[in-house]
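Remarks on the overall topology
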Amino acid sequence: MVIKIKPKEAPPKYLFGKAARQHQAAKATEDGKDAPAPSQPNPAAQPQKPTAPTVPVAEGTVTQRSMRRLQMTQPPNLPFLRFDAIAGKGGMAVVWRAWHKELKRNVAVKVMNQEFSSSGQDVRQFMMEVRTMTDMHHPGIVQGYGADCVDGRYYFIMDYVDGYTFGSLLHRKTRLPEIDTIIIGESVADAMSYAWNTFKIVHCDIKPENIMVDRDGTVKITDLGLCQSTAAIKTGPSEEVVGTPAYISPEQIYGDVVLDCRADIYSLGATLYHLTTGRMLFPGLSNDDILRSHVSPETQAPDPRRIVPTLSANLCNLLAGMLVKDRDMRYQTWEEVFDAFRAIETGGTVPPPPPEAIASIRLGV
Ligand SMILES: Nc1ncnc2c1ncn2[C@@H]1O[C@H](COP(=O)(O)OP(=O)(O)O)[C@@H](O)[C@H]1O
Ligand SMILES: [Mg+2]
């Protein structure tokens, strides 16, 4: 079994509070109703030369590395788009905000980093992401439009989310109030229930950086770059396990089973634990030790109430149920998870998992 850890995502570059409001006001003016002329000359928005630019490096040579670095800061040559700014960077791609001249609206353009473009497996996975995000239509999942390759660079056009990721919010606020955590849990459960029941999609990388909130407060899942469709798996489980250590499910680490929606339920539990306590399940450990902690029955993170005493028993019970290490004793469906979040909202009660079900958190304050 090969464990391939997804490269670390770049730190977020979002603005918050007053700065965010000023930024949004400026953006609203700039976006206008139709294709606006940019008020400031924008180097990224200028027509692109058909050939890749040359890079001044020592003795006039252009190394592959310097070219790759430059390409990350240059959008691809697509005349029907006016590239405005980098919206975000992940481990595998740069996402640009661009004005689509025909659709007359902002779109997000995910451009695969050059180092991955030469791997057939990575390109296939990128295309799988594109197909999945264009096939699915749900307000809680970023809508994809289509993809292509230009000058050897793979890109994918999708709806632009004018907001931020919860990863960036964590950097700013350290943790979210319980009610926000419940709304995020409910929204993701609803969207993933659609993805699983309709397309048998397992996201495989649910984490704060891959959940966004739009300007109107809609929670949206993005980055299906590691997703699997169990419907497409004919030959059994994959040899390669991919994911983000802090949020990965135990069965993804073992890699000896065909994954299903329960893997994502665990990752959402780990994500919400982080969002609501401001602390990851297993902080300060090496990647190997984090992976060991997820699978080992001996390793349990503290009850969330030890970190935030005001959290409800209901929410902690629900998180424990999502974080049960053995998937057969975990919440089994997205509907069960959704109903449990709804129950908290409507004054109901959520019981803890049975005592024999060992979770990655230990209940009890
Ligand atoms: N549709 C979108 N609209 C606006 N920003 C986006 C969109 N999709 C992604 N981003 C930003 O780009 C970052 C990287 O995108 P992501 O798809 O997660 O790439 P990777 O697969 O490399 O992790 C995200 O964390 C987010 O900040
Ligand atoms: Mg990502």
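Here the structure is shown first, and the text comes after it.
Summary of the structure given here. Because the structure is a prediction, the values reported are computed rather than measured. Along each chain, numbering runs from 1 in the same order as the chain's sequence is written. Lettering for chains starts from A, numbering for ligands starts from 1, and both go in the order in which the items are written. Per-residue local features of the predicted model are confined to residues with pLDDT of at least 70, and side-chain atom pairs are confined, for both listing and counting, to 80 or more; whole-chain, interface and lining totals are unaffected and use all residues.

**Focus: the overall build of the protein chain**
Within the protein chain one finds 12 helices and 14 strands. Note that contacts rest on C-beta atoms placed from the backbone: two residues are in contact if these are within 7 Å. The contacts of the protein chain with a sequence gap of at least 6 include a subset with a gap of at least 24, amounting to 68%. Per the convention used, a helix needs a DSSP run of H or I reaching at least four residues, while a strand needs a run of E reaching at least two, with both numbered from the N terminus.

**A word on the site of ligand 1**
For ligand 1, the set of nearby residues contains 22 residues, the closest of which are Gly88, Gly90, Val95, Ala108 and Asp223. In terms of residue count, the dominant contributor to the shell around ligand 1 is strand E2 (residues 81–89) (3 residues). A class-by-class count of the residues in the shell around ligand 1 yields 9 nonpolar, 7 polar and 6 charged. Each residue gets a C-beta atom placed from its backbone. Should that atom fall within 6 Å of a molecule or strand, the residue is termed near it. Just so you know the grouping, Ala, Val, Leu, Ile, Met, Phe, Trp, Tyr, Cys and Pro go in nonpolar, Asp, Glu, Lys and Arg go in charged, and all remaining residues, Gly too, go in polar.

**Description of the sheet that holds strand E9 (residues 211–213)**
Any two strands with at least two DSSP bridges between them are considered paired. Reading across from one edge, E7-E9-E10 is the order of the 3 strands in this open sheet, with antiparallel pairing throughout. The open sheet is flanked by strand E7 (164–165) and strand E10 (219–221), the only strands paired with a single partner. Here E9 runs beside E10; their pairing, made up of 3 bridges, is antiparallel. Pairing of Met212 across the sheet is with Lys220, part of E10. Strand contacts of helix H6 (residues 178–199): E9 and E10, with the helix running at about 45° to E10, the strand carrying the most contacts. Lines fitted to C-alpha atoms define the axes, with helix axes restricted to the stretch in contact, and inter-axis angles between N-to-C directions lie between 0 and 180 degrees.

**Here we look at the pairing of strand E4 (residues 105–112)**
In this structure, strand E3 (residues 93–100) lies alongside E4, joined through 8 bridges in antiparallel fashion. Pairing of Ala98 across the sheet is with Val107, part of E4. Here E3 folds back onto E4 in antiparallel fashion, the turn holding 4 residues, of which Lys104 has a positive phi close to 55°. Across 5 bridges, E4 lies against strand E6 (residues 153–159) in antiparallel orientation.

**Considering the sheet that holds E2**
Each strand in a sheet pairs with another by means of backbone hydrogen bonds, the pair being arranged parallel or else antiparallel. Judged by pairing direction, the sheet is antiparallel, and its 5 strands sit side by side in the order E2-E3-E4-E6-E5 without closing on themselves. Of all the strands in the sheet, just E2 and strand E5 (144–150) have a single pairing partner and so form its edges. In this sheet, neighbouring strand axes are inclined to one another by 25° on average, regardless of whether the strands run parallel or antiparallel. In the packing of helix H4 (residues 120–135) onto the sheet, the strands contacted are E4, E5 and E6, and the crossing angle to E5 comes to about 150°.

**Digging into the nonpolar core**
What we call a nonpolar core is a set of buried Ala, Val, Leu, Ile, Met, Phe, Trp, Tyr and Cys residues whose membership is set by joining through C-beta atoms within 7 Å. Exposed residues have 12 or fewer other C-beta atoms within 10 Å of their own C-beta, buried residues have 20 or more, and partly exposed residues fall in between, where C-beta atoms are placed from the backbone. With 87 residues, the main nonpolar core has Val109, Val188, Leu319, Met322 and Leu323 as its most contacted residues. Considering every element that reaches this core, the biggest residue donor is helix H8 (residues 261–277), with 9 residues. Start and end positions for the domains come from either an automated domain assignment or a database one. Two domains each provide a minimum of three residues to this core, namely domain 1 (61–160) and domain 2 (163–231 + 241–362). Those residues within four positions of Val188 in sequence are excluded, and the remaining contacts are Ile211, Val219, Ile221 and Leu268.

**Side note on the packing of helix H11 (residues 313–322) against helix H12 (residues 334–345)**
Helix packing geometry: the angle between the two helix axes and the distance between the axes. Packing of H11 against H12 leaves a shortest axis separation of 10 Å and a crossing angle of 170°. What the angle tells us is that H11 and H12 run roughly antiparallel. Contact residues: H11 offers Asn314, Leu315, Leu318 and Met322, while H12 offers Val337, Ala340, Phe341 and Ile344. Roughly parallel means an angle under 35 degrees; roughly antiparallel, over 145; roughly perpendicular, 65 to 115; everything else is oblique.

**Some words on unusual backbone geometry**
Despite not being glycine, Lys104 shows a phi value in the positive range, around 55°. Within the secondary structure layout, Lys104 lies in the loop between E3 and E4. Taking the C-beta count within 10 Å as the criterion, Lys104 has 10 such neighbours and is therefore assigned exposed. Its identity is not glycine, yet Asp151 carries a phi of approximately 50°, on the positive side.

The quantities given are spatial measurements derived from coordinates; they are silent on function.
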